[in-house]
Amino acid sequence: MPFWDKEMETLPRAELEEMQVKRLKATIARSQRSVFYRTRLKEIDESRFNKPEDVALLPFTTKTDLRNNYDFGLVTVPKNEIIRMHASSGTTGKATVIFHTRKDIETWAELVARCIVMTGAGKGDVFQNIISYGLFTGGLGLHYGAEKVGMLTIPSGVGNTKRQIQLMKDFKTTVFHATPSYILYVSEVMVEEGYDPNGFDLRIGFVGAEPHSEKTRQRIEDTFDIDAYNSYGMSELNGPGVAFECEEKNGMHLWEDRYLLEVVDPRTGEELAPGEEGELVVTTLDREAMPIIRYRTGDLARIVDEGERCACGRTHVRISRIKGRTDDMLIVKGVNLYPSQIEDVLMSFPEVAATYQIVLKRESSLDTLTVRVELNPKLFDGDLRKLKKLEYEITKNIQDEIEVRPTVEFHEPGSLPRSEGKAVRVIDLRGEL
Ligand code: ADP
Ligand code: ZN
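As the structure is a prediction and not an experimental result, all values here were calculated from the model.

Thresholds, definitions, all that
- Residues numbered from 1 in each chain as written.
- Chains lettered and ligands numbered in written order.
- Predicted model: local features only at pLDDT ≥ 70, side-chain atom pairs only at ≥ 80, totals over all residues.
- Heavy atoms only, no water.
- 1 Å grid on protein atoms, 1.4 Å probe; cavity = no way out; pocket = protein on both sides within 12 Å on 5 of 7 lines; lining within 4 Å.
- Points joined across faces, edges and corners; volume = space filled by probe spheres on them.
- Helix = DSSP H or I, 4+ residues; strand = E, 2+ residues; numbered from the N terminus.
- Nonpolar A, V, L, I, M, F, W, Y, C, P; charged D, E, K, R; others polar.
- Domains from an automatic or database assignment.
- Near = heavy atom within 4 Å.
- Polar contact = N/O pair within 3.5 Å; in protein donor to acceptor, adjacent residues only side chain to side chain.
- Areas by Shrake-Rupley, 256 points an atom, 1.4 Å probe, with all protein chains shown as cover.
- Sits in = over half its atoms within 2 Å of the grid points.
- Core = buried A, V, L, I, M, F, W, Y, C linked by side-chain atoms within 4.5 Å.
- Buried < 20%, exposed > 50% of the residue type's maximum accessible area, 1.4 Å probe, protein only.
- Contact = heavy atoms within 4.5 Å.
- Axes fitted to C-alpha atoms, helices over the stretch in contact; angles between N-to-C directions.
- Left-handed = near helix turned anticlockwise from the far one by under 90°.
- Salt bridge = Lys/Arg side-chain N within 4 Å of Asp/Glu carboxyl O.

J.: Describe the layout of surface pockets, and please don't skip the residues or the numbers.
T.: If you add up the space inside the largest pocket, you get close to 980 Å³. Taken together, 46 residues make up the lining of the largest pocket; nearest its centre are Ala 209, Glu 210, Pro 211, Arg 325 and Lys 422. Counting residues per element, the ones that place at least two in the lining of the largest pocket are helix 6 (137–149), strand 7 (227–234), strand 8 (239–245), strand 12 (295–301), strand 15 (324–325) and helix 10 (339–346). Residue contributions to the lining of the largest pocket peak at 5 residues, all from strand 7. For the lining of the largest pocket, the class distribution of residues is 16 nonpolar, 18 polar and 12 charged. In terms of domain composition, the lining of the largest pocket takes at least three residues from each of domain 1 (1–326) and domain 2 (330–428).

J.: Could you give an account of the site of ligand 1, naming the residues involved and the relevant values?
T.: Close to ligand 1 lie 20 residues, the nearest being Ser 89, Gly 90, Thr 91, Ser 231 and Asp 299. Taking Ser 88, its side chain carries an N or O atom lying 3.5 Å from an oxygen atom of ligand 1. In this structure, Ser 231 approaches ligand 1 through a main-chain N or O atom, which is 2.7 Å from a nitrogen atom. Burial of ligand 1 by the protein chains amounts to 97% of its free accessible area of 560 Å². Its atoms largely coinciding with the cavity grid, ligand 1 occupies the largest pocket. Within the shell around ligand 1, the residues separate by chemical class into 6 nonpolar, 9 polar and 5 charged.

J.: Could you give me a rundown of the environment of Lys 79, with the residues and numbers involved?
T.: On the secondary structure map, Lys 79 appears in the loop between helix 4 (63–68) and strand 1 (82–87). In this structure, the C-alpha to C-alpha distance between Lys 79 and Val 317, residues 238 residues apart in sequence, is 35 Å.

J.: Residues and numbers for the nonpolar core, please.
T.: Of all hydrophobic cores here, the largest spans 66 residues; its most connected members are Ile 116, Phe 206, Tyr 232 and Ile 319. With 9 residues, helix 5 (residues 102–118) is the single largest residue contributor to this core. Among all residues touching Tyr 232, those that are not within four sequence positions of it are Gly 239, Pro 240, Gly 241, Val 242, Ala 243, Met 252, Leu 280, Thr 297, Asp 299, Ile 319 and Ile 322. Ranked by size, the runner-up nonpolar core spans 23 residues in total, among them Leu 337, Leu 375, Ile 394 and Val 404.

J.: Tell me what's going on with the packing of helix 8 (residues 180–192) against helix 9 (residues 214–224), and back it up with residues and numbers.
T.: Between helix 8 and helix 9, whose axes approach to 11 Å, the crossing angle comes to 35 degrees. As helix 8 packs across helix 9, the resulting crossing turns out to be left-handed. Counted together, Pro 180, Ile 183, Leu 184, Ser 187 and Met 190 of helix 8 and Thr 216, Arg 219, Ile 220, Thr 223 and Phe 224 of helix 9 form the full contact between these two elements. In the contact of helix 8 with helix 9, the residues fall into 6 nonpolar, 3 polar and 1 charged.

J.: Please give an account of the pattern of salt bridges that cites residues and values.
T.: With the rule as written, the count across this model stands at 32 salt bridges. Taking the shortest distance from any N to any O, the salt bridge between Asp 65 and Arg 40 comes out at 3.0 Å. Of this pair, Asp 65 sits in helix 4 while Arg 40 sits in helix 3 (residues 35–40); the two residues are 25 residues apart in sequence, bridging distant segments of the chain. Overall, the relative accessible area of 32% leaves Arg 40 in the partly exposed class.

As structure tokens, this is what we get:
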């Protein structure tokens, strides 16, 4: 099994934890050079940090802290040491900006290189980076790692779908990176254009940047006849390269020599027992320009740990698929639910195409939930009785999953809006009525 940095990726836990403590102390010291942490961490006594869990002695950093300290408030180096700026996509409000020194860019590329090689991709592959470049970190993040491992890298960016397909065909792309929603859209256009999506040279896909279910992964794998690996990251923690699946596809390894992970109860901020689902809180362990301490990612997941090392040999902790953001949670008729739960049900029906929408309304003070789906033209022949039966089954399965009875609406194939970046799944009209 291939490794990029075998020694570090398989470092015994005791050594890894020792390294974390050392780097945590250095991070605390460095962070105090920034305007924000100088006040925030004034009274901190570094000698109290003897094990990784001691990080809990420190206060959290939130997205609001980053926004309030826009633009250079968390920076710890002179401005002329900064060589790159990125920003979050701004999915949940005003974007946050992140700065990197040359060393930061280098270590980030190293982490991405580990991720790429961990999936079996590498030198000799033709890599099409079908994701937005620019301020968004997905483009340049994967790009630098891909060049580092020596893949032929095509910075095709997102959009212009027919051209993407042409590039794939002409240059025999073997590996791609895309959001799950966009790559499934690419497969639809392939079919429209008369291609068979599994007739290309593709063998591996990196999919991430938005929540998606195991069923969606399977659909991507079947559609293109590839192995698809989940990629997790966010601009505040560099971008892609934070956690990635290995060939076992059983959780994403989070690189603990660079990140210190905690899982907390999103309401109380209390540490949860191992394996419990909660909000990921992450501390960067060696970032120069902009260290971040106990960052409340807002993302919900759990630690996948059977108490033993992963079969791939890596010692770094594994996290589950991300269920969504704490603020993706919908409260419908008093019931808490996540769009990913609905997606999981939908994707278990092969007759249903990959694009869907969840519409929430309030009618005479009652919440209604409508799920708009498209039928897969290849698998549905227009028989009305079958359509009724399908509607009944989807409705029932969603109700079993989320305890709210939805209305299922069928839409013409290709009629629901597609997105090139992160898909917008939920339309909540309850405030407007
Ligand atoms: P924004 O927070 O504005 O969307 P980013 O572009 O930095 O900015 O996106 C990071 C966020 O995207 C993460 O916090 C997470 O919510 C989501 N995300 C990234 N990768 C994944 C993934 N593999 N699965 C689910 N969600 C993901
Ligand atoms: Zn592994």
